[in-house]
Amino acid sequence: MSSLQVLCSGLPLRPLPENRGRWAGVPHAPVRNPSLSPEEEQLALRNALRYFPPDVQKLLAPEFAQELRQFGHIYMYRFCPSIEMRAYPIHQYPCQTQAAAAIMHMIMNNLDPAVAQFPQELVTYGGNGQVFSNWAQFWLTMSYLSKMTEEQTLVMYSGHPLGLFPSSPAAPRLVITNGMVIPNYSSRTEYEKLFALGVTMYGQMTAGSYCYIGPQGIVHGTVLTVLNAGRRYLGVENLAGKVFVTSGLGGMSGAQAKAAAIVGCIGVIAEVDKAALAKRHQQGWLMEVTDSLDHCIARLREARKRKEVLSLGYHGNVVDLWERLVHELDTTGELLVDLGSDQTSCHNPFNGGYYPVQLSFSEAQSLMASNPEAFKHLVQESLRRHVSAINRLAQEKFFFWDYGNAFLLEAKRAGADVEKKGANKTEFRYPSYVQHIMGDIFSQGFGPFRWVCTSGDPQDLATTDQLATSVLEKAIADQVKASVRLQYADNIRWIQEAAKHQLVVGSQARILYSDQRGRVAIAMAINQAIASGKIKAPVVLSRDHHDVSGTDSPFRETSNIYDGSAFCADMAVQNFVGDACRGATWVALHNGGGVGWGEVINGGFGLVLDGTPEAERKAKMMLSWDVSNGVARRCWSGNPKAYEIICQTMQEDSSLVVTLPHEVAEECVLQQALQS
């Protein structure tokens, strides 16, 4: 068992660690098929070997070549550490700065087997959301962090630690970019080659920015989404007896079962990977599991009749489940489902993100590696069947939405019937959850704000929960408008339910949706509690990249922007730069995330609160920008709620001056002008 001291001492070379290969008993990433030429294979090998001195290259070269040909990538399994990978208390890391120790805490949490989807391949979630491209990069990064001072910044190029560079105490300690490929070369095919060469990687969102907090984050997002779907589509506050059908229990999608229980509905979630299903059942996030469609339908009927709270995992393909629900409707006249979505990793449909209904799980993995074109054909056929079943159910009082995983985008590319007549490029037959359910929340400045207690002490987390609840209760007492009050109330309920449902997996973290006012107030309260000793160690503030300002994604976060700018990425890039200028401890900018490679630009941050006045100053400045940037952009695009929020913010802060849009003439006037 390695120690943290050893982990921070650089690549272990003399002696080399034993090559134990792929571990048994843990999930592994699907085999990739980058289709490299012999010259490209040689280049990939050369790129991997340059991390090592010449005297060990002869031993490592054939080993790395075998990994490349067997798995489609050089992960350097030999260098996978033997230490128990988890978020250790911050004081245990051998560092010169608290900021560096906090970053180490976050990195190791992202790779914790209880948190990560494929820990040995350095994948945190989403099937291909990498923390690093290989284990050499991990060792070097930990070593650099242990040496870093307050006058240095660590620069990361798509998993590769370029080095420590002189900077100032006010600068970020860490700057990360992932997948910044020239736009004309940012295709899925090019990505597979570039990743195999070891020169870029897909950081998803919070995987490559070291800010993932386990599935709790998406539990919260799913809770809010399902609650608001019930309000919008079904006209109810109480979801007892209502059925929500979806798929995916792997990385982030594993949250759906727990979310169903928290909102009080019946959640039926299909999953083809038995290991993922078992993991969620063992965690207590799934109440029941079955591999029988007959039993699944019978249990669903029973739960509906009794209005039970139930999360039921179906071990099988979700297309079979949807088609069975159609059969029940057509033969009995009974509609057994009210709400539906999908959380397969459809942004990565041909490399393990979506499994076709025609094959078993193992058959699909085999075909994916041996015949990618045949596999792609079956995936697209499966997507067409998938949509056909949903379309039949939607003829009744059933409501489906796209969960921002590129499901409808890939279904359209597969030729499925998802077109919406007269729609723009970002609209389909069914809305994305941003367009119908969560978009208004973003326009009001609400998004997934989170924090991590680096002491690792659950009591510190409980203290922050109490502080956040008090802040939100005070905000409600200050007579905020009804729509904002509803969001604050939902989040107070969330904090209470989160503690009750034991949602912590990995680091001691919490997430809630808050606006600019709430985020700043919570940060101030936490920083003061650290200063007074109520909280024993620094707290890292962060958020999902999926937020008000952090992501430009025309098929998800910015899908409800209709002025033609949904395909522009100025907001996300400006946010990354602005956070860095205003006090973030680290910043990250990514290509891809959620919807897929080449479909989105997104960024995130980490900000360490240590109880000092300087930390308070940075938090006020940076968090205000981090929200108001996106609200101002939505205001300019013509969103009335964002307009109202930004005007109110300008009244409260005279240093904020935003360009406001004027009302434009009626459509008939525009048409006349164009015809003249």
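Residues numbered from 1 in each chain as written. Predicted model: local features only at pLDDT ≥ 70, side-chain atom pairs only at ≥ 80, totals over all residues. Heavy atoms only, no water.

S.K.: I'm lost on the nonpolar core in this one. Help?
M.R.: Generally speaking, soluble globular proteins have nonpolar side chains that are buried together. Formed by 148 residues in total, the largest nonpolar core has its most connected members in F52 and W451. Counting 54 residues, the second-largest nonpolar core is a separate cluster that includes C296, L300, L312 and Y314. (Core = buried A, V, L, I, M, F, W, Y, C linked by side-chain atoms within 4.5 Å. Buried < 20%, exposed > 50% of the residue type's maximum accessible area, 1.4 Å probe, protein only.)

S.K.: Any chance you could explain the side chain of S158 here in plain terms?
M.R.: Along the polypeptide, S158 turns up in the loop between β3 (152-157) and β4 (160-166). By relative accessible area, S158 is classed as buried at 8%. Ignoring anything within four residues of it in the chain, the contact list for S158 reads Q137, T177, N178, G179, M180, V199, T200 and M201. (Helix = DSSP H or I, 4+ residues; strand = E, 2+ residues; numbered from the N terminus. Contact = heavy atoms within 4.5 Å.)

S.K.: Sorry, what's going on with the sheet that holds strand β7 (residues 266-271) here?
M.R.: For sheets, the rule is that strands pair by backbone hydrogen bonds, running either parallel or antiparallel. The six strands are arranged β8-β9-β7-β6-β10-β11 in an open sheet whose pairing can be described as parallel. The open sheet terminates on both sides in strands that have one partner only, identified here as β8 (288-290) and β11 (399-400). In terms of strand pairing, strand β10 (residues 339-340) meets β11 through two bridges, oriented parallel. Each bridged residue has a counterpart across the sheet, and for L339 the counterpart in β11 is F399. In this fold helix α9 (residues 274-282) packs onto β7, β8 and β9 (310-315), with an angle of close to 160° to the strand it touches most, β9. (Pairing = 2+ DSSP bridges. Axes fitted to C-alpha atoms, helices over the stretch in contact; angles between N-to-C directions.)

S.K.: Is there a simple way to think about the pairing of strand β6 (residues 243-247) in this case?
M.R.: Two faces belong to every sheet, and in a regular strand the side chains alternate between them. Counting buried residues along β6, five of its five residues qualify, which places the element largely inside the surrounding structure. Judged from the five bridges that link them, β6 and β7 form a sheet pairing that is parallel. Note on β7: the bridge partner recorded for S247 is A270. Summarising the sheet, β6 and β10 pair through two bridges and their orientation is parallel. Residue pairing for β10: F244 is matched across the bridge by L339.

S.K.: How do you make sense of the pattern of salt bridges when you look at a structure like this?
M.R.: Side chains that differ in sign of charge can pair as their charged atoms come close. According to the stated counting rule, one finds 42 salt bridges in the structure shown. The salt bridge involving E150 is made with R173; its shortest N-O contact spans 3.5 Å. Of this pair, E150 sits in the loop between α5 (135-147) and β3 while R173 sits in the loop between β4 and β5 (174-178), and the two are 23 residues apart along the sequence. Here R173 falls in the buried class, since its relative accessible area comes to 2%. A salt bridge links R413 to E410, with the shortest nitrogen-to-oxygen separation between them at 3.0 Å. Here E410 and R413 lie together in helix α15 (residues 407-413), a separation of three residues that amounts to about one turn. What you see here is one network of salt bridges that share partners, running through D294, R301, R304, R324, E328 and E334. (Salt bridge = Lys/Arg side-chain N within 4 Å of Asp/Glu carboxyl O.)

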